[in-house]
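Listed here are the chains, written in short residue letters.
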Amino acid sequence: MAPDCEIEGAIAAPISMEGIRGTLTPDAPLAKLVWFKAGGAADWLFEPADLGDLREFLIKLGGDLPVMALGLGSNLIVRDGGVPGVVVRLGKAFAKVADLDDHVLECGGGASGILVSSTARDAGIAGLEFLRGIPGTVGGFVRMNGGAYGREVADVLIDCDVILPGGRPVRLPAKDLRYTYRHSALPEGAVVVSARLQGTPGDPAAIGAEMDRIATAREESQPLRTKTGGSTFKNPDGDKAWRLVDVAGCRGMTRGGAQVSEKHTNFLINTGDATSADIEGLGEDVRRKVYAETGVMLEWEIQRVGRP
């Protein structure tokens with residue numbers, strides 16, 4: 001019987017797709033889906049039709065293959081050998097944002113930071129302006145405790161709904177994520193499908209002005225119009241990663257088609273034809289030079305996934 005789900009190509013699916021309405025693509029190129037525009041393919045890319053479809057798919061998968069959620073691909077290096085198992089990409093059905101009253105927003109895991117902050121502004125909800133400055137989706141923010149301009153997700157998250165690899169839905173209060181700087185205890189392979197964020201009463205005009213300030217600050221200081229992955233390294237306690245990279249003489253340093261940004265030294269850029277090995281290798285070169293110069297070993301903030 002023909003599957004209900006659309007399967008691109010002729011490779012047999014890892015499970016019966018009967019009743020699944022999303023799209024499953026074998027050997028799916030990921031470079032076009034990540035900001036660096038580099039890297040290999042996913043063994044399988046699943047784009048669910050909606051929440052029920054995602055649950056059904058993961059139940060059928062039964063935890064037998066690794067699962068990785070992909071948002072906007074902004075803080076991510078996909079290695080050139082591709083990603084094993086299934087990459088789940090949340091589409092429009094997961095990109096909604098709703099005002100729940102009491103200055104709480106319910107946000108789909110696929111909603112962008114710009115959409116969340118704009119919705120908050122229009123509803124007179126302050127405290128979420130910083131999300132305007134984070135490239136990515138709610139799912140990525142929640143997993144990474146995303147932050148910018150003095151605020152982070154740990155400051156505003158009430159709870160989140162996730163689907164575990166076997167398909168079980170769980171609501172996790174913020175305290176269960178045990179947030180630290182750019183890190184959470186979210187289980188490996190869990191897909192964040194929604195989150196509730198707490199704001200405070202605010203004036204839409206003032207909120208909009210703060211969002212504009214953040215947007216302008218990003219534009220002036222970051223290489224936004226390049227193929228980049230955002231902040232590369234975590235800021236060490238009491239210091240800034242960009243300063244250490246600069247002190248070590250790494251501004252403009254290259255490896256293959258990858259370069260340390262001249263504009264902001266905590267950003268790596270793909271100048272045109274970089275492989276993910278170039279980008280990750282350049283990051284490791286920078287870490288070694290910074291350590292040799294300052295004694296500080298920078299920690300990666302960008303997630304690196306897949307096979308070399």
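Since the structure is predicted, the reported quantities are computational estimates derived from the model, not experimental observations. (Residues numbered from 1 in each chain as written. Predicted model: local features only at pLDDT ≥ 70, side-chain atom pairs only at ≥ 80, totals over all residues. Heavy atoms only, no water.)

**Some words on the packing of aromatic side chains**
Any two aromatic rings considered together are summarised by their centre-to-centre distance and by the angle between their planes. On inspection of all chains with the given rule, the structure shows two aromatic pairs. Taking 3.8 Å as the distance between ring centres and 15 degrees as the angle between the ring planes, the aromatic pair formed by F46 and F57 counts as stacked. Residue F46 is located in strand β3 (residues 41–47), and its partner F57 is located in helix α1 (residues 51–61); the two are separated by 11 residues in the primary sequence. Each member of the pair F46 and F57 is classed as buried. Centroid distance F233 to W300: 5.3 Å. Interplanar angle 50 degrees. Geometry classified as tilted. Taken together, the residues F233 in the loop between β16 (227–231) and α5 (241–247) and W300 in the loop between α6 (276–294) and β20 (303–305) connect sequence positions 67 residues apart. Look at W300 and you get buried, because its relative accessible area is 8%. (Phe/Tyr/Trp six-rings, centres within 6.5 Å; stacked < 30°, edge-to-face > 60°. Helix = DSSP H or I, 4+ residues; strand = E, 2+ residues; numbered from the N terminus. Buried < 20%, exposed > 50% of the residue type's maximum accessible area, 1.4 Å probe, protein only.)

**Concerning the sheet that holds strand β19 (residues 267–270)**
Picture the strands of a sheet paired through backbone hydrogen bonds; they go either parallel or antiparallel. The strand order across the open sheet formed by four strands is β16-β19-β18-β17, and the pairing between neighbours is antiparallel. Only two strands of the sheet have a single neighbouring strand rather than two, namely β16 and β17 (254–255). Pairing geometry for β17 and strand β18 (residues 258–260), over two bridges, is antiparallel. Among the inter-strand pairings, T254 is bridged to a residue of β18, identified as Q259. (Pairing = 2+ DSSP bridges.)

**As for unusual backbone geometry**
We note that Y149 has phi near 55 degrees; this positive angle belongs to a residue other than glycine. Accessibility expressed as a relative area gives 34% for Y149, which makes it partly exposed. If you check the backbone angles, R178 has positive phi at about 45 degrees while not being a glycine. Position of R178 relative to the elements: it lies in the loop between β13 (169–173) and β14 (191–198).

**Here we look at the environment of C160**
Along the chain, C160 falls in strand β12 (residues 157–163). Placed 60 residues apart in sequence, C160 and L100 show a C-alpha to C-alpha distance of 14 Å. Beyond its immediate sequence surroundings of up to four residues, C160 is in contact with V142, V170, R171, L172, L177, V192, S194, A195 and R196. (Contact = heavy atoms within 4.5 Å.)

**A word on the nonpolar core**
Among the nonpolar cores identified, the biggest contains 31 residues, and V116, V142, L157 and V162 are the most heavily contacted of them. Breaking this core down by element, the ones donating at least two residues are β8 (104–108), α2 (113–122), α3 (138–144), β12, β13 and β14. Other than its neighbours up to four places away in sequence, V142 contacts V153, L157, C160, L177, Y179, S184, V192 and A195. F233, L268, I279 and V290 belong to the second-largest nonpolar core, a separate cluster that totals 21 residues. (Core = buried A, V, L, I, M, F, W, Y, C linked by side-chain atoms within 4.5 Å.)

**Description of the side chain of N270**
The residue N270 is located in strand β19 in this model. A polar contact of 3.4 Å, which involves the side chain of N270, links it to the backbone nitrogen of D273. Looking at N270, its side chain comes within polar contact range of the main-chain nitrogen of A274, at 2.9 Å. Those residues in contact with N270 that lie beyond four places of it in its chain are F36, K37, A38, K227, G257 and I279. (Polar contact = N/O pair within 3.5 Å; in protein donor to acceptor, adjacent residues only side chain to side chain.)

**Digging into the pattern of salt bridges**
Two side chains carrying opposite charge are able to pair once their charged atoms lie near each other. Taken as a whole, this structure holds 21 salt bridges when the rule is applied. A salt bridge links R171 to D161; its shortest N-O distance comes to 2.8 Å. Highlighted residues: R171 in strand β13 and D161 in strand β12, separated in sequence by 10 residues. Judged by its relative accessible area of 16%, D161 falls in the buried class. One salt bridge in this structure joins R225 and E219, with 3.1 Å as the shortest N-O distance. Among the residues examined, E219 registers a relative accessible area of 32% and is labelled partly exposed. One salt-bridge network, in which partners are shared between bridges, spans E106, D159, D161, R171 and R196. (Salt bridge = Lys/Arg side-chain N within 4 Å of Asp/Glu carboxyl O.)

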